[in-house]
Structures are given as structure tokens and as C-alpha cells.
Amino acid sequence: MKQPLPRQVHATLRSRLLDGTLPPGTRLDYKQLATELGVSTTPVREAVTQLASEGFVELVPRLGAVVRSMNQNTAAELYEVREAIETFAALKAAERLSARHLELLQQQHATMLRVFEEFKTSGRDRLEAAELDQFLDADLAFHRTVLLAARNGALARTVEESQVQTRIFFADRGIHEEKRLSKACEQHATILAALEAHDGIAASEAMRLHIRTSLQLTLDHLENSVTV
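Here the structure is a predicted model, which is why all the values come from computation and not from measurement. (Residues numbered from 1 in each chain as written. Predicted model: local features only at pLDDT ≥ 70, side-chain atom pairs only at ≥ 80, totals over all residues. Heavy atoms only, no water.)

*Asks:* Got a minute to help me understand the side chain of Asp139 in this structure?
*Replies:* Mapping Asp139 onto the fold places it in helix H6 (residues 129–149). Buried within the structure, Asp139 lacks any salt-bridge partner; Arg82 is the closest side chain of opposite charge, at an N-O distance of 5.5 Å. Those residues in contact with Asp139 that sit more than four places away from it in its chain are Met112 and His188. (Helix = DSSP H or I, 4+ residues; strand = E, 2+ residues; numbered from the N terminus. Buried < 20%, exposed > 50% of the residue type's maximum accessible area, 1.4 Å probe, protein only. Lys, Arg positive; Asp, Glu negative; His and termini not counted. Salt bridge = Lys/Arg side-chain N within 4 Å of Asp/Glu carboxyl O. Contact = heavy atoms within 4.5 Å.)

*Asks:* Mind showing me how you'd approach the pattern of salt bridges here?
*Replies:* Between side chains of opposite charge, a pair can form when the charged atoms approach closely. Tallied over the entire structure, the rule returns 13 salt bridges. Of the charged contacts in the structure, one is a salt bridge between Glu95 and Lys92, with a shortest N-O distance of 3.8 Å. Of the two residues, Glu95 and Lys92 both sit in helix H4 (residues 72–96), three residues apart, roughly one turn of that helix. Since its relative accessible area comes to 52%, Glu95 is described here as exposed. Residues joined by salt bridges that share partners form a network here, namely Glu83, Glu205, Arg208 and Arg212.

*Asks:* How should the sheet that holds strand S2 (residues 57–60) be read in this particular structure?
*Replies:* By way of backbone hydrogen bonds, the strands of a sheet pair with one another, either parallel or antiparallel. The strand order across the open sheet formed by three strands is S1-S3-S2, and the pairing between neighbours is antiparallel. The strands lining the two open edges of the sheet, one partner per strand, are strand S1 (27–28) and S2. As paired strands, S2 and strand S3 (residues 64–67) are joined by four bridges and run antiparallel to one another. Bridging from a neighbouring strand, Val60 pairs with Gly64 of S3. (Pairing = 2+ DSSP bridges.)

*Asks:* Would you mind going over the nonpolar core with me for this structure?
*Replies:* Here is a general trend for soluble globular proteins: nonpolar side chains tend to be buried in one another's company. Counting 31 residues, the largest nonpolar core has Leu105, Val146, Leu147 and Leu195 as the members making the most contacts within it. Listed by contribution, the elements that provide at least two residues to this core are H4, helix H5 (99–120), H6, helix H7 (153–173), helix H8 (178–196) and helix H9 (200–227). Setting aside anything within four residues of it in sequence, one finds Val146 in contact with Ala89, Ala90, Ala93, Leu105, Leu195 and Met207. Grouped together as the second largest cluster of nonpolar side chains are 18 residues, Leu13, Tyr30, Leu33 and Ala34 included. (Core = buried A, V, L, I, M, F, W, Y, C linked by side-chain atoms within 4.5 Å.)

*Asks:* Please explain the confidence of the model for the protein as it appears in this structure.
*Replies:* A low pLDDT means the predicted coordinates there should not be read in detail. Per-residue confidence for the protein averages 87 on the pLDDT scale, and 93% of its residues sit at or above 70. Within the protein, H5 carries the highest mean pLDDT (96), whereas H7 carries the lowest (70). (pLDDT = per-residue confidence, 0-100.)

*Asks:* Whenever I open this one, unusual backbone geometry confuses me. Can you help?
*Replies:* Excluding glycine, a negative phi dihedral is what most residues carry, and trans is how most peptide bonds are arranged. Despite not being glycine, Arg151 has its phi angle at roughly 55°, a positive value. Counting through the fold element by element, Arg151 comes out in the loop between H6 and H7. Despite not being glycine, His198 has its phi angle at roughly 55°, a positive value. Here His198 shows up in the loop between H8 and H9. Of the residues examined, His198 reaches a relative accessible area of 48% and is grouped as partly exposed.

Next up, the structure:
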């Protein structure tokens, strides 16, 4: 059974947010999007309204719908939510982890490592767009798997917005250089080892350190963007 048209448009636009096709600050032109998608403006408006309610789009007076940008305040808010929920999720995941969840986590971390190792040998100072997408997709999938492994649907739903917004932010800026990639791989490895050992306290603390490190790097980047 096909999804209702507004839901299909919503899924398409959300995908474009995630892959960087619609970066932060982009004004969403209803007529143009309707033409591109082969629909009327009504389902586009409904889809954009839904995206706005989810926090991905801002409805600005006299300007219209604009993809939400991240500043230091919103970054701090998003990461505070993630720290509170994902550290608890890591604690519970260590207790409730299934063999399938563990296998997924190992695969996702392996993907991150592969992208990083290939990047290191390339001689470049930044990931290319396709590589960045692979790395970020694996990173996001790892965190989602931890939430799923905690076997608490409310946790996953609550943190979804914060995770996706940070994913959109990084896809736009492509700020993953070697130091950050290395740190991300290292910290995910520590989380994974704690989960493999079913050590909830260690997994929770490793997740806390990872999220706080990510927040600080994000704040540093935002500050540099303003001062440059």
C-alpha cells in the first residue's frame, strides 16, 4: 500500500536534508519543489510543516520555510539531550544487547574504520562528499543501534531529532578532518568494547565522553566560522 502523498514528499525532503542536497540556510520554494517532485504545492506545504514541527525547518515571516541552521546555543541543547538519553541507552544496551545488535555495531564501526583508513592513505586533508556520507551514515547507524539495543522505543524517538540535526549539520560543512575522524573511531571502539563486555557503567561513561567531545569540537567549529 502506497504512503499518502504528503508522507512521500516528507520522506523525500528529509532524505535531501540528510544527504546535504538541502543544506542549512536553504530557502524551500514550494512551487519549485512541487515541480521537481511532480506534485501540487499542497503536499509540499504539508510535508514542510511536518519538518518544521520536527525542528528541521524554520518558518520565517516574509521569507518562508528555511532549513534550520545550527548555532552554539542550539548545538549545546541538542548535545545535552543526546548525552542524557544516549548514556542511559548505553547502560541499558550493555544489559540487553542481542547477538544481532552486536553484529550490527561491529559492522558499523568497521565501516567507519575502513573509510578512515582509506582516507589516511589518500593524502587528502578532507573527506570527499561520498566518503563523508558513508562515515556519517555508519556513525549515525551505530548510535541508533545502541538505542535499539536498549529495547526502549521512547528513547529512540526522543533522541531522533537531535541525531538527525547534527547529521545534517555535518553533511553540510564536511568538517571531518583526520584528527576528528581518528577520535571518532577511537571513541566508538571504546563504546563497542564496553558493550561487548556487557559493562554498562563503562559503556555509559564512554558514550558520555564521546558526546561531550563531539559537542566541544562542534562549538569550536562554530566559533571559528564566526570569527574567520
